Amino acid sequence: MAISELETVKVSALSLDPENPRAAGQVFANTEEAIAFLRPVADLNEIVTSILTNGWIEFEPLIVLRQGNIVLEGNRRLASIMLINDTKLRAKIEYKLPVVSNPQPAPDAVQVRFVDSREEARSFIAFKHINGPAKWAALAKAKYAADWVDQGVDIYEVAQMIGDNHSTIVRMINGWRVLQQAQASGFSLKDITAKRFNFSHLYTAISKPVFREHLGLKDEELVGTSVLTKNPIPASHKTELTEAMLWMYGSVPEKRQHVVKSQNPDLTQLVQVLPNPRAMAQLVETKDLKIAFEVIMPASKRFEEQLYKTVQQAERANGVASAFDPEEQSELMEQVNLLAETVKAMRGTMRAKAINAQEDDL
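Because the structure is predicted, anything quoted here is derived from the model rather than measured.

Undergrad: Help me understand the side chain of Asn-75, please; the structure alone is not making it clear to me.
TA: Among the structural elements, Asn-75 can be located in helix H3 (residues 75-85). For Asn-75, a relative accessible area of 6% gives the class buried. Beyond its immediate sequence surroundings of up to four residues, Asn-75 is in contact with Leu-16, Asp-17, Asn-20 and Leu-38.

If you want it as structure tokens, here you go:
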């Protein structure tokens, strides 16, 4: 049976989705839990304010699962109406309505379209929230796509229905698979030290050959172009997976701070450090990713980076050199003289190396 014609249903007869895709695997026990989740991630206050200010506008029907009257699409709107209409609910979750002049009432009934299964609504919901006007976070997108594939839908068809390219969907689903396995081994999103869970760190990392090999995912062609099976990390590499997750995201209970602040350069460096015993020993000892990376970074590369940084800093300082105050900053002249001597010595070393290299070529 396809999506039904428009029907009008009492708000009190509708229920929020306990398996809201935004929650990426979390199941809510009741309305209070669902709204507590939606408040920060879905900005319910914005919708509540809009309804109170402008009144309810039937711009789009809610999509409702006929069995149980569960709202599959429109949870933000339903939750906002509930907050306006239900004084007891507001008290339970300690929510206060925003103050607006001449507040408008929320509706007692709304227009809906019924479906007989989640699958019937999937294409519409996926397109709207993955590439449409009300986008989900990457983690929610990945779970939704993975669930679709698990039900036997071809990955190319999923990508087409979602409106994204095949490789992007594959990366996200594979990231979801690995995350699920990490969680089964004890990793918890609630315990991370990072401000938020950057899911892209994980699915980007497993696209790197060195990282896949570190986790025991050695078939690069399969991992790069196809969806991983469930529990893709072999039992022999679960420790490596757990360690990688802790370095990427941290753990409050284990007093482990995350070291990946950004994908570039942090994630790139961590991916190279993890398989290297000497570099990992430095990371464990110092908790400093840059120090650990220096173990595997060639000295010539370190010199190049430091030199470019020094030149840039010197140029910036020279740009404001006219602000030098001889009376108040006399000690700076000594620092400039020291810098000049250092540059002279460095140039001498580099020239000697260049001359020796030319002689070796003769």
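Undergrad: Is there a simple way to explain the sheet that holds strand E3 (residues 70-73) in this structure?
TA: Backbone-to-backbone hydrogen bonds join strands into a sheet, with any given pair of strands oriented parallel or antiparallel. If you trace the four strands from one edge of the open sheet to the other, you get E1-E4-E2-E3, paired in mixed fashion. With one partner strand each, in any of the chains shown, strand E1 (7-10) and E3 form the two edges of the open sheet. Strand after strand, the sheet turns through a mean of 55° between neighbouring axes, direction not considered. Pairing between E1 and strand E4 (residues 109-115): four bridges, direction antiparallel. Among the inter-strand pairings, Thr-8 is bridged to a residue of E4, identified as Gln-111. Packing of H3 onto the sheet brings it into contact with strand E2 (62-65), E3 and E4, and relative to E3 it is tilted by some 130°.

Undergrad: Would you mind going over the packing of helix H1 (residues 31-42) against H3 with me for this structure?
TA: Any two packed helices are characterised by how steeply their axes cross, that is the angle between the axes, and by the distance between the axes. As a packed pair, H1 and H3 sit with axes 10 Å apart at the nearest point and diverge in direction by 110°. By the angle class used here, H1 and H3 are roughly perpendicular. Judged by the twist between their axes, the crossing of H1 over H3 is left-handed. Residues Thr-31, Ile-35, Leu-38 and Ala-42 of H1 form the contact with H3, whose own contacting residues are Asn-75, Arg-76, Ala-79, Met-82 and Leu-83. Among the residues making up the contact of H1 with H3, the classes are represented as six nonpolar, two polar and one charged.

Undergrad: Help me out: how do you make sense of the nonpolar core in this one?
TA: One finds Leu-202, Phe-211, Met-245, Met-248, Leu-270 and Leu-283 to be the most contacted residues of the largest nonpolar core, which totals 54 residues. Put simply, the parts of the chain that give this core at least two residues each are helix H6 (138-150), helix H7 (155-162), helix H8 (166-184), helix H9 (199-205), helix H12 (238-249), helix H13 (263-273), helix H14 (277-286) and helix H15 (289-296). Take this core: its biggest share by element is eight residues, from H8. Once residues within four sequence positions are removed from consideration, Leu-270 is found in contact with Trp-247, Met-248, Val-259, Val-260, Leu-283 and Leu-289. Residues Leu-78, Ala-79, Ile-81 and Met-82 belong to the second largest nonpolar core, which totals 34 residues.

Thresholds, definitions, all that
Residues numbered from 1 in each chain as written. Predicted model: local features only at pLDDT ≥ 70, side-chain atom pairs only at ≥ 80, totals over all residues. Heavy atoms only, no water. Helix = DSSP H or I, 4+ residues; strand = E, 2+ residues; numbered from the N terminus. Buried < 20%, exposed > 50% of the residue type's maximum accessible area, 1.4 Å probe, protein only. Contact = heavy atoms within 4.5 Å. Pairing = 2+ DSSP bridges. Axes fitted to C-alpha atoms, helices over the stretch in contact; angles between N-to-C directions. Parallel < 35°, antiparallel > 145°, perpendicular 65-115°, else oblique. Left-handed = near helix turned anticlockwise from the far one by under 90°. Nonpolar A, V, L, I, M, F, W, Y, C, P; charged D, E, K, R; others polar. Core = buried A, V, L, I, M, F, W, Y, C linked by side-chain atoms within 4.5 Å.

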